[in-house]
Amino acid sequence: MHQTNELELKLISDKGMEGFYSFHLPKDQEMYTSLPDNYKEVKEGQYRIGIYYKGEPVGFFLLHSTDRVKEYTSNPLSMLLTAFSITEDKQGKGYAKQAMLLLKTFISEEFPYYNEVVLAVNHKNLAAQSLYKKAGFYDTGSRKIGPIGEQYILQLKL
């Protein structure tokens, strides 16, 4: 468990996913991420991470140590972050920023082998870009074409 101001990040088991299936996003955010409901099952090397406030699920993301990481970086000690979301009724409370600020410590303790996190963010998703940069991610200069256009590849050194 990694906690600050009653917000914590935790690995989620299959049974622990139940509290995440009711997540909703505003229509303008749905195109940028994938809801937890899509991760009832994960593959080896995929890790479901819950964001909890006072024990209540408020957010979710997935960390990957699969071959998919190679699409974003040549660093073999990197993890990929995807499917980041804060459920609609909990947005605007600072949970996303707090969660991203806990990320370094969380990965260092849960996955000490890794020294970097990468992610792709859509060029039109200015709110997410701002969030990630405030949390210490920087633009690598690499680009990837995703399902809805150009994505910037961001990196966080651990």
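Structure first, text after, so check above.
Read on for a plain summary of the structure.

Quick notes on the rules
- Residues numbered from 1 in each chain as written.
- Predicted model: local features only at pLDDT ≥ 70, side-chain atom pairs only at ≥ 80, totals over all residues.
- Heavy atoms only, no water.
- Buried < 20%, exposed > 50% of the residue type's maximum accessible area, 1.4 Å probe, protein only.
- Helix = DSSP H or I, 4+ residues; strand = E, 2+ residues; numbered from the N terminus.
- Pairing = 2+ DSSP bridges.
- Bend = angle between axes of the 7 residues up to and from the residue.
- Contact = heavy atoms within 4.5 Å.
- Polar contact = N/O pair within 3.5 Å; in protein donor to acceptor, adjacent residues only side chain to side chain.
- Phe/Tyr/Trp six-rings, centres within 6.5 Å; stacked < 30°, edge-to-face > 60°.
- Lys NZ or Arg CZ within 6 Å of the ring centre and 35° of its normal.

So, the pairing of strand β4 (residues 56-64)
Here is step 1: The buried fraction of β4 amounts to 8 of the 9 residues, a majority that puts the element mostly inside the structure.
Here is step 2: As defined by bridge partners, strand β3 (residues 46-53) adjoins β4 across 8 bridges and the pair is classed as antiparallel. Looking at the pairing, Ile 49 lines up with Phe 61 of β4.
Here is step 3: Hairpin connection, β3 to β4: the antiparallel pair is bridged by 2 residues, and Lys 54 has positive phi, about 50 degrees.
Here is step 4: Pairing of β4 with strand β5 (residues 78-86), which is carried by 5 bridges, proceeds in the antiparallel orientation. Looking at the pairing, Leu 62 lines up with Thr 82 of β5.

Here's the deal with helix α2 (residues 95-110)
Here is step 1: By the largest-angle criterion, Leu 103 marks the main kink of α2, which is about 40 degrees.
Here is step 2: Buried within α2 we find Tyr 95, Ala 96, Ala 99, Met 100, Leu 102, Leu 103, Phe 106 and Ile 107.

Observations concerning the environment of Leu 154
Here is step 1: With respect to the helices and strands, the residue Leu 154 is situated in strand β8 (residues 149-157).
Here is step 2: Sequence-wise, Leu 154 and Val 117 are 37 residues apart; in three dimensions their C-alpha atoms are separated by 8.3 Å.
Here is step 3: Leu 154 has contacts with Val 117, Val 118, Leu 119, Val 121, Tyr 132, Phe 137, Tyr 138, Asp 139 and Thr 140, leaving out every residue within four places of it along the chain.

Quick look at the side chain of Ser 34
Here is step 1: Looking at the element boundaries, Ser 34 is found in the loop between α1 (27-30) and β3.
Here is step 2: A distance of 2.8 Å separates polar atoms of two side chains, one belonging to Ser 34 and the other to Asn 38.
Here is step 3: At 3.4 Å, the side chain of Ser 34 and the side chain of Tyr 39 are in polar contact.
Here is step 4: Leave out the neighbours within four places in its chain, and Ser 34 touches Tyr 39 and Ala 83.

Some details on the packing of aromatic side chains
Here is step 1: The tally for this structure, following the rule as stated, stands at 11 aromatic pairs.
Here is step 2: On the basis of an interplanar angle of 65 degrees and a centroid distance of 6.4 Å, the ring pair of Phe 106 and Phe 111 is categorised as edge-to-face.
Here is step 3: Judged by relative accessible area, which is 1%, Phe 106 ranks as buried.
Here is step 4: Taken together, the ring pairs in this structure connect Phe 20, Phe 23, Tyr 39, Tyr 52 and Phe 60 into an aromatic cluster.
Here is step 5: Positioned over the ring face of Tyr 52 is Lys 10, at 4.5 Å from the centre of the ring.
Here is step 6: In this structure, Lys 144 is placed above the aromatic ring of Tyr 72, and the distance from its NZ or CZ to the ring centre is 5.2 Å.

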